Amino acid sequence: MSMEINLQRVDRVYYPGEKVHGYVVVDSPKGTLQHSGITMEVEGSIGLQLSAKAVGLFDAFYANVKPIRIMHFNIDVQKGTKLYPPSYF
């Protein structure tokens, strides 16, 4: 079985208010696939990036800053059923 998540934008950079569009592809070489549900976990984080002008000024601070999680939730994509590959959601 293979599962792929394809987003319309390949750069994966989104800004406040923008919607994320894409689809999930499930394929199984054995044919029909029984499952108890498909859930997608979504997590967004921010990280500090320094410009070339700030190098040296914030080096000590930057080394200690970890990405900050700003969102985290689950989306039910499909309830349990049989899939007939390839299936798109």
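Residues numbered from 1 in each chain as written. Predicted model: local features only at pLDDT ≥ 70, side-chain atom pairs only at ≥ 80, totals over all residues. Heavy atoms only, no water.

A. Quick peek at the overall build of the protein. When helices and strands are tallied, the protein shows one helix and five strands. Looking at the 89 residues of the protein, the share that counts as buried comes to 13%. Taking contacts inside the protein between residues at least 6 apart in sequence as the whole, the part at least 24 apart equals 66%. Accessible area of the protein: about 7,600 Å², with a carbon and sulfur share of 55%. (Helix = DSSP H or I, 4+ residues; strand = E, 2+ residues; numbered from the N terminus. Buried < 20%, exposed > 50% of the residue type's maximum accessible area, 1.4 Å probe, protein only. Contact = heavy atoms within 4.5 Å. Areas by Shrake-Rupley, 256 points an atom, 1.4 Å probe, with all protein chains shown as cover.)

B. Examining the pattern of salt bridges more closely. Tallied over the full model, the rule gives two salt bridges. Glu18 serves as the salt-bridge partner of Arg9, at 3.3 Å between the closest nitrogen and oxygen. Accessibility expressed as a relative area gives 28% for Arg9, which makes it partly exposed. Given a relative accessible area of 37%, Glu18 falls into the partly exposed group. A salt bridge links Glu43 to Arg69; its shortest N-O distance comes to 3.9 Å. Placement of Glu43 in strand β3 (residues 33-46) and of Arg69 in strand β4 (residues 68-83) is noted, with a sequence separation of 26 residues between them. (Salt bridge = Lys/Arg side-chain N within 4 Å of Asp/Glu carboxyl O.)

C. Layout of the side chain of His35. Among the structural elements, His35 can be located in strand β3. A distance of 2.9 Å separates a polar atom in the side chain of His35 from the backbone nitrogen of Gly37. If near-sequence neighbours (up to four positions away) are discounted, His35 is found in contact with Gln78, Lys79, Gly80, Thr81 and Leu83. (Polar contact = N/O pair within 3.5 Å; in protein donor to acceptor, adjacent residues only side chain to side chain.)

D. Molecular detail of the sheet that holds strand β5 (residues 87-88). Overall, antiparallel pairing links the three strands, which are arranged β1-β2-β5 in an open sheet. For this open sheet the edge positions go to β1 (2-7) and β5, each flanked by a neighbour on one side alone. Bridging between strand β2 (residues 22-27) and β5 involves two bridges; their strand directions are antiparallel. Looking at β5, one finds that Val25 is bridged to Tyr88. (Pairing = 2+ DSSP bridges.)

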